[in-house]
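This is what each chain is made of:
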Amino acid sequence: NAGVTQTPKFQVLKTGQSMTLQCAQDMNHEYMSWYRQDPGMGLRLIHYSVGAGITDQGEVPNGYNVSRSTTEDFPLRLLSAAPSQTSVYFCASSFSGREETQYFGPGTRLLVL
Amino acid sequence: KQEVTQIPAALSVPEGENLVLNCSFTDSAIYNLQWFRQDPGKGLTSLLLIQSSQREQTSGRLNASLDKSSGRSTLYIAASQPGDSATYLCAVYYGSNYQLIWGAGTKLIIKP
């Protein structure tokens, strides 16, 4: 049981490049979400999904896209990277919703030059 | 606006001390509150979840309390150890139409 996995661990991008951050969980959780963590701030929700085929925006969705074709996977796409997107990105999941204990991946550290 | 504050931002104490970390929230109509631990370069690990109807939760040397009327939660760590060194975050959930609201965390250092 691997829990929540994220790849890559670290990535450097140039402004304007696109990339996909991968997230997978093997716990059969319906609810998955993406957060970004910036120094001195609380985690901020980017997008979330309550099940396969269902996604919605969080607090800071601009510049990011998501899809949920399977229960296990929830990739986050950066369409055209900007320096303001330099951050640590965390994927989280729970059995059915945000009212439950959240399980986090190890994070992806992204640097946009 | 619902906000969650954690003070202090950093705390350093000698090994063996009992300590309290604080979390305050502006809106007392919470559904539940969670405490997490974050180790450097790693993800977050859930420590305790307190429902709005509960006053406290315990797990080993950790005890979390909740006082909705004053908008506060505390995380009590007994007999601190160097392995407790980490950043501790709290997150408040207000119900089905809301997301988790996060504090910025308290970085705890336990000195041997």
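Cut-offs applied
Residues numbered from 1 in each chain as written. Chains lettered and ligands numbered in written order. Predicted model: local features only at pLDDT ≥ 70, side-chain atom pairs only at ≥ 80, totals over all residues. Heavy atoms only, no water. Helix = DSSP H or I, 4+ residues; strand = E, 2+ residues; numbered from the N terminus. Rg over C-alpha atoms; globule rule 2.2 N^0.38 Å. Contact = heavy atoms within 4.5 Å. Polar contact = N/O pair within 3.5 Å; in protein donor to acceptor, adjacent residues only side chain to side chain. Pairing = 2+ DSSP bridges. Axes fitted to C-alpha atoms, helices over the stretch in contact; angles between N-to-C directions. Phe/Tyr/Trp six-rings, centres within 6.5 Å; stacked < 30°, edge-to-face > 60°. Lys NZ or Arg CZ within 6 Å of the ring centre and 35° of its normal. Buried area = accessible area lost by both parts, 1.4 Å probe. Salt bridge = Lys/Arg side-chain N within 4 Å of Asp/Glu carboxyl O. Nonpolar A, V, L, I, M, F, W, Y, C, P; charged D, E, K, R; others polar. Disulfide = S-S within 2.5 Å. Buried < 20%, exposed > 50% of the residue type's maximum accessible area, 1.4 Å probe, protein only.

A. The arrangement of the overall build of chain A in detail. The number of helices and strands found in chain A is 0 helices and 11 strands. Tracing chain A from N to C terminus, the helices and strands come up as β-β-β-β-β-β-β-β-β-β-β. For a compact globule of 113 residues, the expected C-alpha radius of gyration is about 13 Å, and chain A comes in at 13 Å, within 12% of that figure. For chain A, the spread of C-alpha atoms along the three principal axes comes to 35 × 30 × 25 Å.

B. Region of the structure containing the environment of A:Gln17. Residue and element names in this part refer to chain A. As for its position among the elements, Gln17 is in the loop between strand 2 (10-13) and strand 3 (19-25). Along the primary structure Gln17 and Ala81 are separated by 64 residues, whereas in three dimensions their C-alpha atoms are 5.4 Å apart. Those residues in contact with Gln17, other than ones at most four positions away along the chain, are Leu78, Leu79, Ser80 and Ala81. Only 2.7 Å separates the side chain of Gln17 from the backbone nitrogen of Lys14, close enough to count as a polar contact.

C. How the structure looks around the sheet that holds strand 3 of chain A. Residues and elements named next belong to chain A. What the 4 strands build is an open sheet, ordered 1-3-8-7; its pairing is antiparallel. Sheet topology places strand 1 (4-7) and strand 7 (64-66) at the edges, where each strand pairs with a single neighbour. Neighbour-to-neighbour, the strand axes of the sheet open up by a mean angle of 20°, direction not taken into account. Looking at chain direction, strand 1 and strand 3 are connected through 4 bridges and run antiparallel.

D. Looking closely at the packing of aromatic side chains. Summed over all chains, the structure comprises 9 aromatic pairs over all chains. Of the aromatic side chains, those joined through ring pairs into one cluster are A:Tyr35, A:Phe90, A:Phe104, B:Phe36 and B:Trp102. The ring of A:Phe74 carries the charged tip of A:Arg68 above its face, separated from the ring centre by 5.9 Å.

E. Region of the structure containing the interface of chain B and chain A. Across the contact, 20 residues belong to chain B and 18 residues belong to chain A. Between chain B and chain A, roughly 1,500 Å² of surface is buried when both sides are summed, and carbon and sulfur atoms account for 55% of that area. At the junction of chain B and chain A, the tally comes to 0 salt bridges. For the pair chain B and chain A, the number of links is 2 residue pairs in polar contact (both at pLDDT 80 or more). Those elements giving two or more residues to the side of chain B that touches chain A turn out to be strand 4 (32-38), strand 5 (44-51) and strand 9 (86-93) of chain B. A class-by-class count of the residues in the side of chain B that touches chain A yields 10 nonpolar, 9 polar and 1 charged.

F. Just the state of the cysteines, in detail. All names here are of chain B. One pass over the structure, following the stated rule, counts 2 disulfides over all chains. Each disulfide pairs two cysteine sulfurs, and for Cys23 the partner residue is Cys90, the sulfurs being separated by 2.0 Å. Looking along the S-S bond of the Cys23-Cys90 disulfide, the torsion reads about 75°, which is the right-handed sense. Pair noted here: Cys23 is in strand 3 (residues 19-25) and Cys90 is in strand 9, with a separation of 67 residues, a long-range link. Pair check on accessibility: Cys23 and Cys90 agree, each one buried.

Read these as geometric descriptors, not functional statements.
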